[in-house]
Amino acid sequence: MSIIKIKNSENQFDCDEQDTILRAAIRSGIKIPYECNSGGCGSCKFDLIEGKVLSTWDAPPGLSPRDIRKGKRLACQCKPVTDCEIAFGEDHSDTPDYIPQRRSVTYVGQRKLTADMSEFHFKDNFPARFMPGQFAMLTLPGVAGDRAYSMSNNSNEMGDWTFIIKKMPGGSGSDFLFNKLKQGDSIKLDGPYGLSYLRPEIERDVVCIGGGSGLSPMMSIARAMTTNGQYKNKKIIMFYGGRAPADICTPQLVSEMDANGEQLSCHNVTSDVELSAEQGWDGECCFVHEYVEKILGSSIPDFEFYFCGPPPMTAAVQRLLMIDYKVPFEQIHFDRFF
Ligand SMILES: Cc1cc2nc3c(=O)[nH]c(=O)nc-3n(C[C@H](O)[C@H](O)[C@H](O)COP(=O)(O)OP(=O)(O)OC[C@H]3O[C@@H](n4cnc5c(N)ncnc54)[C@H](O)[C@@H]3O)c2cc1C
Ligand code: FES
C-alpha cells in the first residue's frame, strides 16, 4: 500500500497494489481529471514530484513524444512503487454518485444485434449500481490491460450488467469476448467509471448520438429516461450512425422500449454510399453529425447532448455543437471509444 499526495492540495489517498493511481483516487472519492481510463485521451496526465511509479503500458497513445520527453505520466496507467507526490492540471468535472468497486461477474450469454455487434450479459450476486452512460473496466484473461465497456442497461438490484460490444478486427479483448468466453465463466469487473452520465437535474430535452458500439451508453440513457418517471416530460431524440444498413440495429432495440413517439424518436443514418445502395437503403446516407444538423438545425443549442463513438465521430459532433452552434461545454457530455 502506498500513500499518494496531491501537490498544492490537502488531498492524499491510499493506493493498493491492484490499483492504478487514477482508480485509487476515484475509489477514495478524490477528483482528478480523467475521461477514458484506458490510456487513450491523455486527460489524467501528471507530473511525478517525488517517489517512484511503474507504468503498466510503455507507450500509451495518450502521451505524445513531447509529454514523454517532459516526464509526464498517465494516472490510469501507473501504479506506485513507493509513497508519491504528484501534480495535476485543473479539474472541472463533477463527481458521480457511485464509488467504483471490484467484483467478479459471471457470463450469462449474448444476443446478436448485427454481424459484429452483440449485447453481452453478466451477473453478480450484489446490486449493480451506476449512472446511465457510465462504463466499467473488464479484466480479460490473456489480454494485456483492461478494456472499458459502457453499460447498456440501468442500475438494478439483480446484479445484471449488460454491454453492447463490437468485434474489432484483430482486437484481442473483443476476440476473447466473442470467441473464447464461455457461459458460466467468471471475469473481473471494476466500476462504474466515467463522467459522461445522464444528469437528472437538467431540464432540457436530450439528444443522444451514437456511432457503432457508442450505442451502448446511449441505450442506457434512453432506457433510463423511458422507464424512470422523473424523466417522463423530457424528450429524447436519438441519432444512430452505422457504416451500412446491416449495422442499423436500433429499430429492434427502440421497439422494445416502453416509450411513445412523443417522448422518444430515433433517426438512423448510414455513411457508406456503395454499401447502402447495394443493401437497398432508402434512408439518409451521410455522417451522423451532418444528419443531426439537418434534423435539428437552429434548435441545436436548446438540447442537452450525450454522444459516444470513435474519436473522429465525437470530434465532428463536438465541432458542430461548440464551433458552429456555440453550445456551451456544460451542455455536452461524451466518451471517446479509444
Ligand atoms: C470509455 C470507453 C468506453 C467504451 N465502451 C465500449 C462499448 O460499450 N462497446 C465497445 O464495443 N467498445 C467500447 N470501448 C472500446 C473498448 O474499450 C476497446 O477499445 C475495443 O473493444 C477494442 O478492444 P480490443 O481489445 O478488441 O482491441 P485492441 O486493439 O486489442 O485494444 C484496443 C484498446 O485496448 C487498450 N489497450 C491495448 N493495449 C493495452 C495495454 N498494453 N495496456 C492497457 N490498455 C491497452 C487501449 O485502450 C486500446 O485502445 C470503450 C472505450 C472507452 C475508452
Ligand atoms: S483517463 Fe488516462 S489516458 Fe484517458
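To keep things clear, this report deals only with the structure shown in the data block. (Residues numbered from 1 in each chain as written. Chains lettered and ligands numbered in written order. Predicted model: local features only at pLDDT ≥ 70, side-chain atom pairs only at ≥ 80, totals over all residues. Heavy atoms only, no water.)

### A look at the sheet that holds strand β11 (residues 147-150)
And then number 1: With antiparallel pairing, six strands are arranged side by side in an open sheet as β11-β10-β13-β8-β9-β12. Looking at strand neighbours, the two that pair on one side only are β11 and β12 (160-166), the edges of this open sheet. Direction aside, neighbouring strands of the sheet carry axes that sit 40° apart on average.
And then number 2: Sheet contacts for helix α4 (residues 215-227): β8 (101-114), β9 (117-123), β11 and β12; angle to β12, the most-contacted strand, approximately 140°. (Pairing = 2+ DSSP bridges. Helix = DSSP H or I, 4+ residues; strand = E, 2+ residues; numbered from the N terminus. Axes fitted to C-alpha atoms, helices over the stretch in contact; angles between N-to-C directions. Contact = heavy atoms within 4.5 Å.)

### Regarding the site of ligand 1
And then number 1: Around ligand 1 there are 24 residues in total, and Arg147, Ala148, Tyr149, Gly173 and Ser174 lie nearest to it.
And then number 2: The contact in question runs from an oxygen atom of ligand 1 to an N or O atom on the side chain of tyrosine 149, over 2.7 Å.
And then number 3: Here an oxygen atom of ligand 1 sits 2.9 Å away from a polar atom, N or O, in the main chain of lysine 166.
And then number 4: Coverage of ligand 1 by the protein chains reaches 85% of its 950 Å² of free accessible surface.
And then number 5: Looking at the shell around ligand 1, the elements that each hand over two or more residues are β11, β12 and α3 (172-180).
And then number 6: With four residues, the top contributor of residues to the shell around ligand 1 is β11. (Near = heavy atom within 4 Å. Polar contact = N/O pair within 3.5 Å; in protein donor to acceptor, adjacent residues only side chain to side chain. Areas by Shrake-Rupley, 256 points an atom, 1.4 Å probe, with all protein chains shown as cover.)

Take it as geometry only, folks, not as evidence of what the structure does.
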